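# Breakdown of the fold
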Amino acid sequence: MSDQQSSFDSVLSEDRVFPPSPDAGASLGGAWIDSMESYRDLHAKSVADPEGFWAAAAEDLDWFSHWDTVLEWNLPDARWFIGGTLNACWNCVDRHVESGHGDEVAIVWEGEPMPGGEPDVRHLTYAEVQDKVIRFAAALKGLGIGKGDIVTIYMGMVPELAIACLACARIGAPHSVIFGGFSSQAIVDRVEDADSRIVITCDGAWRRGLIVPLKDNVDEAARNTDRIEHVVVLKRCENEVQWIDGRDAWWHDLMESGDGPVECPCEPMDSEDMLFLLYTSGSTGKPKGIMHTTGGYMVYTMLTSRYTFNLRPDCDQMYWCTADVGWITGHSYIIYGVMANRVPTLMYEGAPNHPEPDRFWSIVERHKVTQFYTAPTAIRAFMKWGDEHPAKHDLSSLKLLGTVGEPINPEAWMWYHRVIGSQRCPIVDTWWQTETGGHMITPLPAVTPTVPGSCTLPFLGIDAIVCDERGNEVPPNSGGLLAIRTPWPSMLRGVYGDRQRFIDTYFSTVDGMYFAGDSARRDDRGYFWIMGRVDDVINVSGHRLGTMEVESALVSHSSVVEAAVVGMPHEIKGTGIAAFVTLDPSGEPGDELKVALREHVAKEIGAIAKPDMIRFTDALPKTRSGKIMRRLLRDIAAGAESTGDVTTLEDFSVLAKLRDDEE
Ligand code: WT7
């Protein structure tokens with residue numbers, strides 16, 4: 001343990017603490033919470049009186065009828081704003097038009113192709129979005145879709161994806177968005193699990209200059225399940241598609257069929273009516289449908305968007321989250337939370353390195369992006385591609401940077417801070433999950449001093465702890481289970497069709513609390529450090545280690561670009577450490593470097609963390625969302641065949657390569 005602690009002390013030394021940047025808040029129009037004292041005070045109050053706190057937050061939404069009871073909590077079931085009715089689409093779109101802001105930009109979109117070097121850009125105002133949403137909602141009704149029917153959406157990153165989601169919300173039909181990078185089998189699984197009769201798709205989606213044949217994938221899925229009765233197709237790529245009369249309909253035909261104004265009022269939804277279903281991978285092979293409801297989700301995503309990103313209307317902001325709407329990040333922080341705040345949300349269709357590795361930075365410059373939210377894996381790619389790409393662009397519009405999805409290694413954090421943020425933008429490292437709906441542990445910009453690699457402190461109303469299985473808090477700097485003691489408005493309401501899995505996964509590990517599946521520790525300041533999924537924690541000779549901690553150490557070596565560490569069976573230690581490493585051109589794969597890396601890790605963390613096996617590889621196997629496939633690596637490290645679900649594998653050749661490289 002002492003080895004680990006000494007490395008922690010170095011990470012926590014004062015010179016790694018970045019003071020808050022009030023200037024950044026000021027240049028965004030002001031910070032919503034302006035001092036650490038007010039955060040601590042408000043946090044204490046919000047946790048002591050969650051009902052009072054969340055009731056006040058909920059007043060910022062429009063309700064058709066007010067709630068009677070703020071919260072009913074019978075573990076594991078939470079119900080928020082009981083008796084209240086509202087509509088998510090109304091709160092994201094209509095109310096802004098009603099209050100005279102219809103001419104303001106709601107969605108800014110940039111397509112991937114750059115014909116003649118010029119990007120394809122669209123600006124949609126709230127009034128335009130409203131008009132399209134009404135038309136599409138009416139069209140859905142025309143196809144027989146109504147309240148409670150689950151609508152599957154499998155599209156590229158085009159404004160119509162957001163419009164489709166909002167149209168579903170308008171009529172009370174929960175959407176189930178499937179990431180456009182998933183396979184047709186994934187569509188079959190999800191459509192069947194949700195019993196969804198309609199799929200909204202595109203003829204194709206642009207990705208790295210090529211067309212992803214979305215409609216073909218839906219056609220193939222429809223051959224393998226009898227559930228799909230309607231397919232609505234948006235024309236995006238002029239990609240030739242097969243057509244089945246009676247089943248398939250063009251988006252543009254549906255939109256134009258009505259003469260004159262189309263009527264389709266927002267359906268008053270019960271606060272606890274399902275807003276959407278989103279499938280996510282669990283520890284078993286089969287993805288589970290996470291259910292989110294309307295009132296609590298809207299309250300929570302609106303408030304977190306506002307405070308974490310300092311979103312303010314009327315302040316010339318341009319917010320850009322680079323995630324795909326196919327993930328929870330896109331649901332909460334491209335669409336619902338952001339639009340509820342009446343700030344323009346930017347959507348980009350394609351790859352970060354198309355046509356050149358500077359694409360993101362050219363978008364930042366062109367649209368004067370103020371808040372930028374991305375994933376550590378992307379940041380590491382940018383680091384690898386080189387500083388010259390961001391250097392070509394004026395990034396001075398940026399005021400705030402965010403990260404999400406995985407722990408950010410301090411090296412990537414520093415690079416982001418220095419090269420993208422010019423050492424003036426606060427970085428919000430937001431820890432949360434598909435299941436939590438919104439940010440749970442995050443710095444508040446302009447307020448929270450940050451330490452690279454820590455997601456810092458819980459959001460308002462969040463009672464997060466690091467504990468043992470009985471729910472007893474563990475002492476500072478020791479690892480434990482990350483759990484949330486009390487309910488929050490946007491918590492998942494269940495796993496669709498699988499009550500037992502809901503209970504087993506989230507409410508059976510830690511007595512009486514929501515268990516996140518992650519391990520973490522808190523430092524002496526109370527800051528949280530996510531160690532990774534619990535199944536990524538390895539116990540080496542009785543010492544607990546985070547695989548991500550070892551990775552971070554490896555990556556801090558000048559020859560290493562990326563590293564993945566997993567446990568492997570070890571005769572003497574119980575679990576040994578296997579490291580898969582990709583190298584910089586300067587790194588010479590071989591025994592000498594292996595020795596150097598082991599020493600480097602020993603130096604960074606302690607001798608206990610020295611990898612038992614290091615394997616050099618050209619690339620790491622990742623899911624299409626960019627997550628390293630640790631399960632696969634564990635199997636490879638153990639010399640076993642992978643038996644799990646690999647439908648999310650980005651590149652099978654990577655896997656083949658790893659197998660060929662056996663030591
Ligand atoms: C898991 C949830 C939340 C949207 C994207 C991922 C990991 C997420 C962080 C962070 C360390 C993080 C956790 C979590 N994670 N954010 N800032 N620092 N780890 O959503 O696919 O539901 O994954 O991602 O392990 O449990 P998700």
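All of these numbers come straight from a predicted model, not from anything done at the bench. (Residues numbered from 1 in each chain as written. Predicted model: local features only at pLDDT ≥ 70, side-chain atom pairs only at ≥ 80, totals over all residues. Heavy atoms only, no water.)

### Remarks on the overall build of the protein chain
For the protein chain, the count of helices and strands is 21 helices and 30 strands. In terms of overall dimensions, the protein chain is globule-like: its C-alpha atoms have a radius of gyration of 24 Å, near the 26 Å expected for 663 residues. Dimensions of the protein chain along its principal axes, counting C-alpha atoms only, are 75 × 55 × 50 Å. Burial statistics for the protein chain: of 663 residues in total, 61% are counted as buried. In the protein chain, of all internal contacts separated by at least 6 residues, the share reaching a separation of at least 24 is 71%. A total of about 24300 Å² of accessible surface is found on the protein chain, and carbon and sulfur atoms cover 48% of it. (Helix = DSSP H or I, 4+ residues; strand = E, 2+ residues; numbered from the N terminus. Rg over C-alpha atoms; globule rule 2.2 N^0.38 Å. Buried < 20%, exposed > 50% of the residue type's maximum accessible area, 1.4 Å probe, protein only. Contact = heavy atoms within 4.5 Å. Areas by Shrake-Rupley, 256 points an atom, 1.4 Å probe, with all protein chains shown as cover.)

### A word on the pattern of salt bridges
Scanning the entire structure with this criterion turns up 32 salt bridges. One salt bridge in this structure joins Glu110 and Arg359, with 2.9 Å as the shortest N-O distance. Linking Glu110 in strand S4 (residues 105–110) with Arg359 in helix H13 (residues 359–367), this pair joins segments that are 249 residues apart in sequence. A residue is classified by how much of its surface remains accessible, and Arg359, at 1% relative accessible area, is buried. Put simply, Glu473 and Arg485 hold a salt bridge, and the shortest N to O gap is 3.7 Å. With a gap of 12 residues between them, Glu473 in the loop between strand S21 (464–467) and strand S22 (480–484) and Arg485 in the loop between S22 and strand S23 (494–495) connect regions that are remote in the sequence. A single salt-bridge network, built from bridges that share partners, covers Lys215, Asp219, Arg247 and Asp248. (Salt bridge = Lys/Arg side-chain N within 4 Å of Asp/Glu carboxyl O.)

### Considerations on the side chain of Glu272
Position of Glu272 among the secondary structure elements: in the loop between strand S13 (269–270) and strand S14 (274–280). Glu272 sits in the buried class, given a relative accessible area of 17%. At 2.7 Å, the side chain of Glu272 and the backbone nitrogen of Trp80 are in polar contact. The residues contacting Glu272, other than those within four sequence positions of it, are Ala78, Arg79, Trp80, Thr293 and Arg493. (Polar contact = N/O pair within 3.5 Å; in protein donor to acceptor, adjacent residues only side chain to side chain.)

### A short note on the sheet that holds strand S17 (residues 345–348)
Spatial strand order, S5-S4-S17-S16-S18-S19-S20: 7 strands in an open sheet with mixed pairing. In this open sheet, the two strands that pair with only one neighbour each are strand S5 (121–125) and strand S20 (427–430). Strand-to-strand twist of the sheet, defined as the mean angle between neighbouring strand axes without regard to direction, takes the value 20°. When strand S16 (residues 319–321) meets strand S18 (residues 371–374), the two strands line up parallel, connected through 3 bridges. Bridge pairing in S18 links Cys321 to Tyr373. (Pairing = 2+ DSSP bridges. Axes fitted to C-alpha atoms, helices over the stretch in contact; angles between N-to-C directions.)

### Considerations on the confidence of the model for the protein chain
Residues at a pLDDT of 70 or more form 90% of the protein chain, whose mean pLDDT is 90. Segment residues 1–14: pLDDT under 50, and 31 contacts once partners within four positions in sequence are set aside and those in other chains are kept. In this model, residues 645–652 is a region of pLDDT below 50 whose contacts with residues beyond four sequence positions or in other chains number 20 contacts. (pLDDT = per-residue confidence, 0-100.)

### Structural notes on the site of the ligand
In the neighbourhood of the ligand, 16 residues make up the surrounding shell, with Asp429, Thr430, Thr434, Asp518 and Arg533 lying closest. Within the side chain of Asp429, a nitrogen or oxygen atom sits 2.7 Å from a nitrogen atom of the ligand. Thr430 places a polar main-chain atom, nitrogen or oxygen, 2.7 Å from a nitrogen atom of the ligand. Every element with two or more residues in the shell around the ligand is listed here: helix H12 (328–340), S20 and strand S25 (528–533). Broken down by class, the residue content of the shell around the ligand amounts to 6 nonpolar, 5 polar and 5 charged. (Near = heavy atom within 4 Å. Nonpolar A, V, L, I, M, F, W, Y, C, P; charged D, E, K, R; others polar.)

### Here we look at unusual backbone geometry
Cis geometry marks the peptide bond from Leu75 to Pro76; its omega dihedral reads 5°. You can see Pro76 is positioned in the loop between strand S1 (69–74) and strand S2 (77–82). With an omega of 0°, the peptide bond running from His354 to Pro355 counts as cis. For Pro355, the position within the fold is in the loop between S17 and H13. For Asn310, which is not glycine, the phi dihedral falls at a positive 55°. Its place among the elements puts Asn310 in the loop between helix H11 (294–309) and S16. Phi at Ser422 is positive, roughly 45°, even though this residue is not glycine.

### Let's talk about the sheet that holds strand S6 (residues 151–154)
Taken in spatial order, the 8 strands line up as S12-S11-S8-S6-S7-S14-S15-S23 in an open sheet, and their pairing is mixed. The open sheet has two edge strands, strand S12 (248–250) and S23, and neither has a second partner. Both S14 and strand S15 (residues 288–293) contribute to a ladder of 6 bridges, which runs antiparallel. What sits directly across from Leu278, in S15, is Ile290.

### What about the pairing of S18?
Each regular strand carries side chains that alternate between the two faces of the sheet. The two faces of S18 match: Gln371 and Tyr373 on one face and Phe372 and Thr374 on the other face are all buried. Note that S18 and strand S19 (residues 400–404) share 4 bridges and pair parallel. Following the sheet pairing, Tyr373 is matched in S19 by Gly402.

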